[in-house]
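One letter stands for each residue in the lines below.
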Amino acid sequence: MSTIAPPRFRFILVILVAIGGMTAMPLLQSVGIAPGVAAAFADDDDDNNDDDDSGNSAGSSGGSSGGENRGNDGRRLRGDLRSLFRWPFQRAERPAPPRRAVAIPDRARDEIVALGLDEATIASLTQDGFVIDERTTIALTGSELVKLTIPRGMTLDVARQAVVAAAPSANVDFNHFYQPEEKDTASCPGGDCKLIRHIVDWPHEAANGRATGCGAPLPIGLVDTAINADHASLAEATIEVLQLGDGTNSSSAAQHGTAVAALLVGSAGSRAPGLLPGGRLVAIDAFQRYGRATDIADIYDLIRALDMLAARNIRIVNLSLSGPPNMLLEQAVRAIIDKGTILIAAAGNEGPNAKPVYPAAYADVIAVTAVDRNMKPYRRAVRGDHIDIAAPGVGVWTAASISGGRQKSGTSFAAPFVTAAAALLLGANPEMEPDEVADALTRSANDMGEPGKDAIFGWGLLNAKVLCQS
């Protein structure tokens, strides 16, 4: 005997299904609907079991039992009826609201930093409600760096004006934040990420610490996030890690710092070999965790990090980080370059229409942009007249934070190519000044884009092969 509902009951069936669910099952069965079909109408499972590709579903068998009839046909009928009678019998399903990205401010909300305050001024500011948060002497500038917490109820702009009025000869600015320059990963066509360094003719001899015509590379300074010293790729690397404070601040994550460190000096036989496996790295973690979202470094710690590297006579510093312009940072950058240090900085990943970011945009800092293996510009790279040189920065293979390796993209991973090249060049010619190193790097670059220097590639793509031969 057929178990399909007669015509007079079909309208009732539609209403019952629209009103819903398991509550209608007893009545459905009482009017002659088979238990299997009733269950199919009441089934509220997700779509994980839909459209069984094995061919065993009720819709494809034809001779199935009542239990098997809970399959595709019942679900499709349920969907058709619900779409037809969605209102007022069923609430419309609302999509979940999108998760909002955590906005990272560009400065501390209640802090001012200053270089050059004297004791009398500091005492006067304290009487006016300012609190001395931290202070330290900076040998680079020959003055004291002071971090002030502003009085409650005072705006940052008013507080800055008050400090400037109290000490017109001092350098006063906000305590700006800076972030690592990594935005995304990228796939490796054919799995040949390790070979991307061939596009700059990176010398194979550099794996032994020397390249044709080059001396041993000079030590490299790295201002970045924490480094996982236990990573297998860094097991044989010579890395000295300097601490900024007493360890009371929340430590930064190790993803970015480990990746940049391995790209520079990762062991030759590891899964993430570096450009200069025989090189020496002096690293400073200037960052701390901001919420659960990212790592930030403030002006106070960045200036201290540069001062520590200068005190150790480190001639080359990699800065794969960026942020807004800051008067104190500019002063420290100028001082360390005047001391003979070469600063190589990531151009930034804020996009081709973004404003220049710092320290890359400061005069005499070598600003590095990124290209992919097809010599195309990285889609997120900042552009501008300050861009000096391009290097691989898309799908660059380097160390993951815990173990093994992965591909990385961003101007953060282009800067180490130029840093490593400068270390080789300066190793062969230690008497070279920063402007001479920059000139040698850009003069030997392979021109890209418009003839001469342009806003996308600077002077062109790094050519590591001819550096020590020229």
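Before going into details, it helps to say that this report is about the structure given with it. No experiment lies behind these values; they were computed from the predicted model shown.

## Looking at the sheet that holds strand β7 (residues 280–285)
Stage number 1. Reading across the sheet, the seven strands line up as β6-β7-β5-β10-β12-β13-β14 and stay open at both edges, with parallel pairing between neighbours. Every other strand in the sheet has two partners, leaving β6 (238–242) and β14 (389–392) as the edge strands with one partner each. Each neighbouring strand pair of the sheet contributes to a mean axis angle of 30°, computed without reference to strand direction.
Stage number 2. In terms of strand pairing, strand β13 (residues 366–371) meets β14 through four bridges, oriented parallel. Bridge pairing in β14 places Val371 opposite Pro392.
Stage number 3. Contacting β5 (220–224), β6, β7 and β10 (316–319), helix α9 (residues 299–311) crosses the sheet at an angle of about 165° to β5.

## Considering the pattern of salt bridges
Proximity of charged atoms lets side chains of opposite charge pair with each other.
Stage number 1. The full count for this structure, using the stated rule, is 13 salt bridges.
Stage number 2. One salt bridge connects Asp364 with Arg334, and the closest N-O pair in it is separated by 2.8 Å. Placement of Asp364 in the loop between β12 (342–346) and β13 and of Arg334 in helix α10 (residues 327–338) is noted, with a sequence separation of 30 residues between them.
Stage number 3. Salt bridges sharing common partners tie together Glu119, Arg135 and Glu144.

## Remarks on α9
Stage number 1. An ideal rise of 1.5 Å per residue puts 18 Å on 13 residues; α9 measures up with 18 Å between its terminal C-alpha atoms.
Stage number 2. Across the 13 residues that make up α9, a large majority, 11, are buried.

## Considerations on the packing of α9 against α10
Stage number 1. At their nearest, the axes of α9 and α10 sit 10 Å apart, and the two run at 10° to each other. The pairing of α9 with α10 is recorded here as roughly parallel in orientation. Residues Ile299, Ile303, Leu306 and Ala310 of α9 pack against Leu328, Leu329, Ala332, Val333 and Ile336 of α10.
Stage number 2. Class assignment for the residues of the contact of α9 with α10 results in nine nonpolar, no polar and no charged.

Cut-offs and rules
- Every chain begins its residue count from 1, and numbering advances along the sequence as written.
- Local features in this predicted model are restricted to residues of pLDDT 70 or higher, and side-chain atom pairs are both shown and tallied only at a pLDDT of 80 or more, whereas totals for entire chains, interfaces and linings draw on every residue.
- Side-chain calculation: all heavy atoms of the structure are included, whereas hydrogens and water are not.
- We treat two strands as partners when DSSP finds at least two bridges between them.
- Strands here are runs of E lasting at least two residues and helices are runs of H or I lasting at least four, both read from the DSSP assignment and numbered beginning at the N terminus.
- Only C-alpha atoms enter the line fits that serve as axes; for helices the fit covers just the stretch in contact. Angles between N-to-C directions range over 0 to 180 degrees.
- When checking whether two residues touch, look at their non-hydrogen atoms; a contact exists if any pair is within 4.5 Å.
- What counts as a salt bridge is simple: a side-chain nitrogen of Lys or Arg found within 4 Å of a carboxyl oxygen of Asp or Glu.
- One less than the number of residues in a helix, times 1.5 Å, gives the span that helix is expected to have.
- Throughout this description, buried means an accessible area under 20% of the type-specific maximum (1.4 Å probe, protein chains only), exposed means over 50%, and partly exposed covers the range between.
- Angle categories: roughly parallel below 35 degrees, roughly antiparallel above 145, roughly perpendicular from 65 to 115, and oblique for all the rest.
- Residue polarity follows a fixed list, in which Ala, Val, Leu, Ile, Met, Phe, Trp, Tyr, Cys and Pro are nonpolar, Asp, Glu, Lys and Arg are charged, and the others, Gly among them, are polar.

In short, geometric facts, not functional conclusions.
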